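Geometric and topological summary
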Amino acid sequence: MRTAAIIPAAGRGERLGPGVPKALRELGGAPLLVHAVRAVDRARSVDLVVVAAPPDDPAAVERLLADYEWIGEVLVVAGGLDRQQSVARALVSLPEDVDVVLVHDAARPLAPPELVDAVAATIRRGAAACVPVVPLADTVKVVADDQVVRTLDRSSLRAVQTPQGFRRGVLAAAHAAFQQALAAGGLPEVPPVTDDAGMVERQGVPVVAVPGSEEAFKVTRPLDLLTAEALLTRRRAAGAR
Ligand SMILES: Nc1ccn([C@@H]2O[C@H](COP(=O)(O)OP(=O)(O)OP(=O)(O)O)[C@@H](O)[C@H]2O)c(=O)n1
Ligand SMILES: C[C@](O)(CO)[C@H](O)COP(=O)(O)O
């Protein structure tokens, strides 16, 4: 089985604040994207990496990655206007012999390679789709117009991370159905589709949940970048490359 890791990296990072696209922001001397490529590249299960770059200048991302001699061959494609489009563009660029696809946010730079391998192994063992999940730390309430409507039972709620893993045909069919539904007049707004597993769920395909990692958190807001710096400093002090 050949496994490809798609890294959607075409987002602006509005919640992180003004600056270059989020995937190109620095963390410990290298762009977030380089850390995310390292995370999947170091995983034993990954044979090929495809990056969906900011669409205005994908060649700049190609040049950037070429500066890191430890990075093997990475295919770079132009990303799209939203995450779904970026993943879809990478998906159609995959060589025919790829049968397992992992999708991993550039915005999750410190995901452990062991997590990548655990997700890939779940698909290789026969699951159609797999997501890493972590329990919620906070109490969760439904709020409308500044009023609490109700409190949810968080015991069965999980926060979902990446990498998410799929049999290639399952992910391709879900993306195709998503595009068709959009073309035919849109999708229901609730729940919005924010990840690839969400598209697969809409097709009625079972999605396996495996334990995620606190270190696979998403850099979304400025404090997340500070947290990532601290974690990276600790890893380097412990001898990590
Ligand atoms: N058009 C887009 C939008 C997002 N992404 C990618 O999807 C991942 C997760 O998205 P998120 O953290 O929401 O990133 P942004 O969309 O950049 O963030 P924001 O919503 O704050 O602008 C990121 O690696 C981001 O680069 C992408 O490839 N193409
Ligand atoms: C894919 C994802 O990282 C799973 O948690 C998430 O849905 C993407 O984040 P966004 O902030 O909703 O774009």
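Small disclaimer: the values here were computed from a predicted structure and weren't measured.

**Details of the UniProt feature "site: Transition state stabilizer" (unreviewed entry) in the protein chain**
- Sequence positions flagged by UniProt for "site: Transition state stabilizer" (unreviewed entry) are, in local numbering, Arg15 and Lys22.
- Structurally, the position occupied by Arg15 is in the loop between strand 1 (2-8) and strand 2 (26-27).
- Setting aside chain neighbours within four positions, we find Arg15 in contact with Thr220 and Arg221.
- For Lys22, the location among the structural elements is in the loop between strand 1 and strand 2.
- Other than its neighbours up to four places away in sequence, Lys22 contacts Gly11, Arg12, Gly13, Leu16, Leu32 and Ala107.

**Section: the UniProt feature "site: Positions MEP for the nucleophilic attack" (unreviewed entry) in the protein chain**
- UniProt tags Arg154 and Lys218 as "site: Positions MEP for the nucleophilic attack" (unreviewed entry).
- By the element assignment, Arg154 lies in the loop between strand 9 (147-151) and strand 10 (158-160).
- Overall, the presence of 14 C-beta atoms within 10 Å leaves Arg154 in the partly exposed class.
- Residues within four places of Arg154 in sequence aside, it is in contact with Leu136, Thr139 and Val140.
- Its place among the elements puts Lys218 in the loop between strand 12 (208-211) and helix 7 (222-237).
- Under the C-beta neighbour-count criterion, Lys218 is labelled partly exposed, with 16 such atoms within 10 Å.

**Section: unusual backbone geometry**
- Between Thr162 and Pro163 the backbone carries a cis peptide bond, its omega angle lying at 10°.
- With respect to the helices, strands and loops of the structure, Pro163 is situated in the loop between strand 10 and strand 11 (164-167).
- Look at Asp145: it is not a glycine, yet its phi comes out positive at around 50°.
- Positionally, Asp145 belongs in the loop between strand 8 (141-144) and strand 9.
- The exposed category is assigned to Asp145, around which 5 C-beta atoms lie within 10 Å.
- For Asp146, which is not glycine, the phi dihedral falls at a positive 65°.

**Brief notes about the environment of Ala177**
- As for its placement among the helices and strands, Ala177 is situated in helix 5 (residues 168-183).
- For Ala177, a count of 14 C-beta atoms within 10 Å translates into the label partly exposed.
- Here the alpha-carbon distance between Ala177 and Val200, two residues 23 residues apart in the chain, equals 9.4 Å.

**Considerations on the nonpolar core**
- Among the nonpolar cores identified, the biggest contains 62 residues, and Ile6, Ile7, Val40 and Val51 are the most heavily contacted of them.
- Sort the elements by how many residues they give to this core and helix 1 (residues 32-41) lands first, with seven residues.
- With residues near it in sequence (within four places) discarded, Ile7 still touches Leu33, Ala36, Val37, Val40, Val49, Val51, Ala52, His104 and Ala106.

**Quick look at the pairing of strand 5 (residues 74-78)**
- Across five bridges, strand 4 (residues 48-53) lies against strand 5 in parallel orientation. Paired with Ala53 across the two strands is Ala78, which belongs to strand 5.
- In this fold, strand 4 hands off to helix 2 (residues 58-66), which returns the chain to strand 5; that crossover is right-handed.

About the cut-offs
- Residues numbered from 1 in each chain as written.
- Chains lettered and ligands numbered in written order.
- Predicted model: local features only at pLDDT ≥ 70, side-chain atom pairs only at ≥ 80, totals over all residues.
- UniProt positions renumbered as here; feature names shortened; annotations may be inferred.
- Helix = DSSP H or I, 4+ residues; strand = E, 2+ residues; numbered from the N terminus.
- Contact = placed C-beta atoms within 7 Å.
- Buried ≥ 20, exposed ≤ 12 C-beta atoms within 10 Å, placed from the backbone.
- Core = buried A, V, L, I, M, F, W, Y, C linked by C-beta atoms within 7 Å.
- Pairing = 2+ DSSP bridges.
- Right-handed = clockwise from strand over helix to strand, strands pointing away.

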